[in-house]
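Report on the structure
Chain residues, written in single-letter form:
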Amino acid sequence: MKKQHPSGPRREGPAIPGLAARKAAARLLAAVIDAHTPLDGMTDAEHGHPQYRALDPRDRALVRAILVTALRHRGTIAALLARRLEKPLPANATALSHILHVAAAQILFLDVPDSAAVDLAVTHAKEDPRTTRFSGLVNGVLRALARAKDVELPEALAATADAPGWFVERLTAAYGNEAAAKILAAHRHEAPVDFTVKADPSAWAERLGGIVLPTGSVRVERLAGPVPELPGFADGAWWVQDAAAALPAKLMGDVRGRRVADLCAAPGGKTAQLVLAGADVTAVDTSRSRLARLQQNLARLDLSAETVQADLLAYEPPKLFDAVLLDAPCSSTGTVRRHPDVPWTKTPDDIAKLADLQRRLLERATMLVRPGGTVVFSNCSLDPQEGENLLAAFLSDHSGIALDPVRPGEVAGIAPFLTEEGTLRTTPAALDLGSPALSGLDGFFAARLRRSN
């Protein structure tokens, strides 16, 4: 029989406010950095990580803010922590590193009292068997960081790229030093929110508190509330879609009355654009759940399209299409402002594998259109291996497919994003509107092709 404590059964003390949130943040940061697990899935309200879902909405929001900040400024945080350490942390001290990064993100960038960030990190370290013996180090390092941040933070931001080395190297090789630096600087800022509206962008910009971009999208720097509570949501007057993501469908030209396939269609923003433009759309996706989400989105917008769940590489339509839009799965390196985990969860090998998949999907897409038909190929990657280089290699191997260059006057506001060849290339450093929080676009590549036989 177990002995009882003299005063009765042992009971846990009261929960320390905020500690569970910091523990969850460190756990999820470890999953991103050590296991390359995407952040969005772990912070999903219904299907996310159990430690995250156990928190109340306020703490979930805090955890999300900590993680996004810790990832967005990972290089700067690491540099400033290193200055406080007499020697680098052991390679196996990952749990300690994550506790320090979670606390440092709050101290350096978030509106959290320094004392709270430090005290909770020390308590966290004491309660984790892997880090108990380092609790004094945690206390000393973080208190020193808090004292020095006003002087040292600007210098550290100027000296670091806040991205893994491989990512910086590929950006620099593709865009040059100056442009790459501007893209990396843009990644430090949260992206604004763009809307594609059914009609009257000026009126919706006024109602939503935003501006109309040259391409016709409505941009809002900060939302007044949750998206479902904004005016126009329930009426299906608009949908959230980055301004760059709205451009590939516009490269189709006049699609009224034409049979158009939208491949890899979910969640449906491009499908909605094509339906709204008058096309007879078939939306194809491999995922049943993603197609269900697409159908829900179209229902809210009071738009309709045929939906098909199919393996895209084996999809055989009963009749060839007039046009096909392929927004292919990619590394998503063009969306780092929204998803700062991307550079830390992807590798050059991932990019190579995805480029191979994109090429096979593009080959299939060109066989789904009739002779004379149009194929628009796009993705949200900044890497030429998934864009410019892939296209050049594809065209050299397919004599029956030709580039159909996009002209500057075809689509409103598109001219600054067109290459000499007539393809589309946007980056987070494009579209300077005078404020980092309001400027920029997701990184996108798109090309319009024509099948001749």
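Here's a quick rundown of the structure. (Residues numbered from 1 in each chain as written. Predicted model: local features only at pLDDT ≥ 70, side-chain atom pairs only at ≥ 80, totals over all residues. Heavy atoms only, no water.)

1. Here's the deal with the packing of helix α1 (residues 19-35) against helix α4 (residues 57-72)
For any two helices packed against each other, one specifies the crossing angle of their axes together with the interaxial distance. Two numbers describe how α1 lies on α4: the axes approach to 9 Å, and their chain directions differ by 40°. Taken together, the axes of α1 and α4 lie oblique to each other. Of the two possible hands of crossing, α1 and α4 adopt the one that is right-handed. Residues Ala-21, Arg-22, Ala-24, Ala-25, Leu-28, Leu-29, Val-32 and Ile-33 of α1 form the contact with α4, whose own contacting residues are Asp-59, Leu-62, Val-63, Ile-66, Leu-67, Ala-70 and Leu-71. Along the lines of polarity and charge, the residues of the contact of α1 with α4 split into 13 nonpolar, no polar and 2 charged. (Axes fitted to C-alpha atoms, helices over the stretch in contact; angles between N-to-C directions. Helix = DSSP H or I, 4+ residues; strand = E, 2+ residues; numbered from the N terminus. Parallel < 35°, antiparallel > 145°, perpendicular 65-115°, else oblique. Left-handed = near helix turned anticlockwise from the far one by under 90°. Contact = heavy atoms within 4.5 Å. Nonpolar A, V, L, I, M, F, W, Y, C, P; charged D, E, K, R; others polar.)

2. Brief notes about the pattern of salt bridges
All chains considered together, the criterion is met by 29 salt bridges. The shortest N-O distance in the salt bridge between Arg-290 and Asp-285 comes to 3.9 Å. On the basis of relative accessibility, which here comes to 5%, the residue Asp-285 falls in the buried class. Between Asp-397 and Arg-359 there is a salt bridge, and its shortest N-O distance comes to 2.4 Å. Here Arg-359 lies in helix α15 (residues 348-366) and Asp-397 lies in helix α16 (residues 388-397), a separation of 38 residues in the sequence. Through salt bridges with shared partners, a single network forms among Arg-83, Arg-84, Glu-152 and Glu-155. (Salt bridge = Lys/Arg side-chain N within 4 Å of Asp/Glu carboxyl O. Buried < 20%, exposed > 50% of the residue type's maximum accessible area, 1.4 Å probe, protein only.)

3. Comments concerning the pairing of strand β9 (residues 369-379)
Most of β9 sits inside the fold, with 8 of its 11 residues counted as buried. For strand β8 (residues 321-327) and β9, the ladder comprises 6 bridges, and the chain directions are parallel. Each residue of the ladder has a partner; that of Leu-326, found in β9, is Phe-377. Alignment of β9 against strand β12 (residues 444-451), held across 6 bridges, turns out to be antiparallel. Residue Phe-377 lies in a different strand from β12, and its bridge partner there is Ala-447. (Pairing = 2+ DSSP bridges.)

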